[in-house]
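Structure assessment
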Amino acid sequence: MPDVQSSDPRAGRARRTGTGRAAARRIAAGVLAGAALLAFAPTASAAGLPPGPGDPAAAGARHGDSAALDRALDALVTDAGVSAALGEVRDHGRAVWRGASGRADLDTGAAARPDGRFRIGSVTKTFVSTVVLQLVAEGRVKLDEPVERYLPGAVRGGEGITVRQLLNHTSGLHDYLADPSVYFHDEADLDSWLTTGRWTTYRPQQLLDIANRYAPDFPPGRQWSYSNTNYVVIGMMIEKITGRTWNQEVERRIIRPLGLDRTTMPAGSTTIPGRYAHGYLKRASGERVDVSELNPSVAYAAGAGISTTDDLARFNAALLGGRLLRPAQLKEMMTTVPVDEDGRYGYGLGLTRQTLPCGEFWGHDGGIAGYATFLLGDAAGRHQVALSVNPYQGGDPDRAAAALDAALVKTACGPDTPVPPAPKAPAAPGARAQALTAAPGLR
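Per chain, residues are indexed from 1 in the order of the written sequence. At least 70 in pLDDT is required for a residue's local features to be given in this predicted model, at least 80 for side-chain atom pairs to be given and counted, and no such filter applies to totals for whole chains, interfaces and linings, which use all residues. Water and hydrogen atoms were dropped before computing side-chain values, which therefore reflect all heavy atoms in the structure.

Considering the overall build of the chain
For the record, the criterion: Helix numbers and strand numbers start at the N terminus; a helix is a DSSP run of H or I with at least 4 residues, a strand a run of E with at least 2. Per-residue accessibility, obtained with a 1.4 Å probe over protein chains only, is compared with the maximum for each type, and a residue is labelled buried under 20%, exposed over 50%, and partly exposed between these values. Residue contacts follow a heavy-atom distance rule, with two residues in contact if any of their heavy atoms lie within 4.5 Å.
The helix and strand tally for the chain stands at 12 helices and 14 strands. Across the 443 residues of the chain, 63% fall into the buried class. Looking at the chain alone, contacts between residues at least 24 apart form 74% of all its contacts between residues at least 6 apart.

If you want it as structure tokens, here you go:
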């Protein structure tokens, strides 16, 4: 592949540049402070944390102090301003800690539950990419073939964009969510989204047509820039090849075989089944809006999923433990392109790599209105962490990012693990304002 550089040219968003952890913290601060998002941004504790000794899988032996992990969740409520926080740590196939903090419903005061469902946003992409790599193993897809072969005439410049470039966000396709007609970017857009856009049913071709209005952000393979359009194309490709929707393929290939009974991939249903933590937006006026219900067709294969911390942790364990993919395809999935300058954060095929004090972890983050999700696991599939938070109140971005740092490091590496201080850096335009005003934006 040619030299790949990290880039985020879309207006109004924090660029994914700068020292890895500092940049990641600035973006995540906005997320935890009320950003209601569909796209993915690097985890707060991700790229720039200095590596340390130890095996992530050994961390399970250090999780006896569940009270310390409970306090880390509580800090997400008190310091990061989330309305609810849920978490689970699994080690060698068993849950060693589950926790919940905050309120599942701010109107009734009902407490958050560890087994509550939530929208997972772009963690959906890992499920979808797994299906594609299974199709690769079956000889039905080739990663380095142009998408034009599978979807003739559908993608602008599709003859020069490979399936691999779609999966790892080096295609250059413009993100359809950057278009204000689709999603909200400021308070004025939010008014329209709450009354109409929130309930709109989108066909994937509509989303792709919106992206096709824009010139590519860069030539295919030359840079990295996160674009949800890539996974709209992937979802359409799965349907073209299999004759079934991406949702149906995820269901029959992953959800049912693994017994992920609380995971769903809705097409247009606006509700979250069962018990769940409500998601909220806070208007500039201070008004609280419950956005738990929305039409997920705007996210399609890029982020429509619903799950629990337990189901996500078990999925991550099965994936990295080799139960879903053959070794050759798992190796492809874990082949990354750099996202940050120091190379400690990388993006593979629907899977991210990041460095924590106890080693490398693999997974994905996700956000959608009212919800942010973090899924991590060691490369051997022995140790997993799943966290879900509901951004709401906003507050100081440094405290918010520090609380997320601590929660991720202590659940992944053990409650006694020191959290290295983040380098000081100016806040990215938009991220700090988002944090202080709780005005949602798009990451």
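Focus: the pairing of strand β2 (residues 82-91)
Within a regular strand, side chains alternate between the sheet's two faces. Definition in use: Only when DSSP finds a minimum of two bridges between them are two strands counted as paired.
Burial within β2 is extensive, with 10 of its 10 residues counted as buried. Pairing analysis gives eight bridges linking β2 to strand β14 (residues 383-391), with the strands arranged antiparallel. Bridge pairing in β14 links Ala85 to Val389. Bridge count for β2 against strand β3 (residues 94-102) is eight bridges, and the pairing is antiparallel. Residue pairing for β3: Arg90 is matched across the bridge by Ala95.

So, the sheet that holds β2
Remark on secondary structure: sheet strands pair via backbone hydrogen bonds, oriented parallel or antiparallel. Basically, it comes down to this: Note on geometry: axes are lines fitted to C-alpha atoms, helical ones only across the stretch in contact, with angles between N-to-C directions running from 0 to 180 degrees.
Strand order in the open sheet made by the eight strands is β3-β2-β14-β13-β12-β11-β10-β9, with antiparallel pairing throughout. The open sheet is flanked by β3 and β9 (337-338), the only strands paired with a single partner. Across two bridges, β9 lies against strand β10 (residues 345-347) in antiparallel orientation. Following the sheet pairing, Val337 is matched in β10 by Tyr347. Contacts from helix α2 (residues 66-78) reach β2, β3 and β14, with the element oriented near 35° to β3.

Here we look at α2
Within an α-helix, residues lying three or four positions from one another point in the same direction, as the helix has 3.6 residues per turn. How we decide: In a helix, the anticipated span is given by 1.5 Å times the number of residues less one. In this description, one arc is meant: the one made by directions from the helix axis to the C-beta atoms.
Along its 13 residues, α2 runs 18 Å from first to last C-alpha, staying within 8% of the 18 Å computed at 1.5 Å per residue. Considered for burial, the residues of α2 that qualify are Ala68, Leu69, Ala72, Leu73, Ala75 and Leu76. On an axial view of α2, the arc spanned by its buried residues comes to 150°, and they lie on one face. In this structure, α2 carries Arg71 and Thr78 as exposed residues pointing more than 90 degrees from its buried face.

Digging into the packing of α2 against helix α11 (residues 397-413)
Put simply, the rule reads: Oblique is the label for every angle not falling under 35 degrees (roughly parallel), over 145 degrees (roughly antiparallel), or within 65 to 115 degrees (roughly perpendicular). When the near helix sits turned anticlockwise from the far one by under a right angle, the crossing is termed left-handed; a clockwise turn instead gives a right-handed crossing. Amino acid classes used here: Ala, Val, Leu, Ile, Met, Phe, Trp, Tyr, Cys and Pro are nonpolar; Asp, Glu, Lys and Arg are charged; the rest, including Gly, are polar.
Close contact between α2 and α11 brings their axes to 9 Å; oriented N to C, the two are set at 160°. Between α2 and α11, the interaxial angle falls into the category roughly antiparallel. The two elements α2 and α11 meet at a crossing, and its hand is left-handed. For the pair formed by α2 and α11, the contact residues are Leu69, Ala72, Ala75, Leu76 and Thr78 on the first element and Arg399, Ala403, Leu404, Ala407, Lys410 and Thr411 on the second. Grouping the amino acids of the contact of α2 with α11 by side-chain chemistry returns seven nonpolar, two polar and two charged.

Some words on the side chain of Thr417
The test is simple: A 3.5 Å cut-off defines polar contacts: any pair of N or O atoms within that distance qualifies, except that in protein one atom must be a possible hydrogen donor and the other a possible acceptor, and neighbouring residues in sequence count only when both atoms are side-chain atoms.
Turning to its location among the elements, Thr417 is positioned in the loop between α11 and α12 (431-437). A polar contact of 3.1 Å, which involves the side chain of Thr417, links it to the backbone oxygen of Cys413.

Brief notes about the state of the cysteines
To be explicit about the condition: Working definition: a disulfide is two cysteine sulfur atoms within 2.5 Å of each other.
Counted according to the given criterion, the structure contains one disulfide. One disulfide bridge connects Cys358 with Cys413, the sulfur atoms lying 2.1 Å from each other. Of note, the bridge from Cys358 to Cys413 carries an S-S torsion of about -70° and is left-handed in sense. In this pair, Cys358 is assigned in the loop between β11 (352-356) and β12 (359-368) and Cys413 in helix α11, connecting sequence segments 55 residues apart.

Considerations on the nonpolar core
Cut-off, in case you're wondering: The definition of a nonpolar core used throughout is a set of buried Ala, Val, Leu, Ile, Met, Phe, Trp, Tyr and Cys residues joined through side-chain atoms within 4.5 Å.
If you look at the biggest cluster of nonpolar residues, it comprises 92 residues, and the most contacted ones within it are Phe127, Trp193 and Ile234. In this structure, Trp193 is in contact with Val182, Tyr183, Phe184, Arg198, Leu281, Val291, Leu294 and Ala369, ignoring residues within four places of it in sequence. Core analysis: the second largest hydrophobic core is formed by 25 residues, Leu76, Ala80, Trp97 and Phe361 among them.

A few points about the pattern of salt bridges
We count it as follows: Any carboxyl oxygen of Asp or Glu within 4 Å of a side-chain nitrogen of Lys or Arg constitutes a salt bridge here.
Summed over the entire model, instances satisfying the criterion amount to 25 salt bridges. Between Asp179 and Arg213 there is a salt bridge, with its nearest N and O atoms 3.7 Å apart. Of this pair, Asp179 sits in the loop between α4 (163-167) and α5 (187-195) while Arg213 sits in the loop between α6 (204-212) and β5 (223-224), and the two are 34 residues apart along the sequence. Several salt bridges converge on common partners, so that one network encompasses Glu88, Arg90, Arg98, Asp310, Asp311 and Arg314.

Things to note about the environment of Asp175
Tracing the backbone through its elements, the reader meets Asp175 in the loop between α4 and α5. For Asp175, a relative accessible area of 0% gives the class buried. Expressed as a C-alpha distance, the spacing of Asp175 and Tyr226, which sit 51 residues apart in the sequence, is 7.7 Å. A distance of 3.0 Å separates a polar atom in the side chain of Asp175 from the backbone nitrogen of Leu177. Of note is the side chain of Asp175, whose polar atom sits 3.1 Å from the side chain of Asn228.

Digging into the confidence of the model for the chain
For clarity, the threshold we go by: The quantity called pLDDT is the predictor's confidence in a given residue, expressed from 0 to 100.
Here the chain shows a mean pLDDT of 84. Residues at 70 or above account for 81%. Low confidence marks residues 423-443, where pLDDT is under 50. Its contacts with residues over four positions away, or in another chain, come to 65 contacts.

So, the packing of aromatic side chains
The condition that has to hold: Put simply, two rings from Phe, Tyr or Trp (the six-membered ring, in Trp's case) pair if the centres are within 6.5 Å, and we call them stacked under 30 degrees between planes, edge-to-face over 60, tilted for the rest. A ring is considered to have a charge above it if a Lys NZ or an Arg CZ atom is located within 6 Å of its centre and within 35 degrees of its normal.
With the rule as written, the count across this model stands at nine aromatic pairs. Pairing Phe127 with Phe315 gives two aromatic rings, centres 3.8 Å apart and planes at 10°, and the pair type is stacked. One end of the pair, Phe127, is in helix α3 (residues 124-137); the other, Phe315, is in helix α9 (residues 309-320), and 188 residues separate them in sequence. For the residue pair Phe127 and Phe315, the accessibility class agrees, reading buried in each case. Feature note: the residues Tyr183, Phe184 and Trp193 constitute an aromatic cluster, connected by ring pairs. Geometry around Tyr231 places Lys125 over its ring, the cationic atom sitting 5.6 Å from the centre. In this structure, Arg288 is placed above the aromatic ring of Tyr280, and the distance from its NZ or CZ to the ring centre is 5.6 Å.

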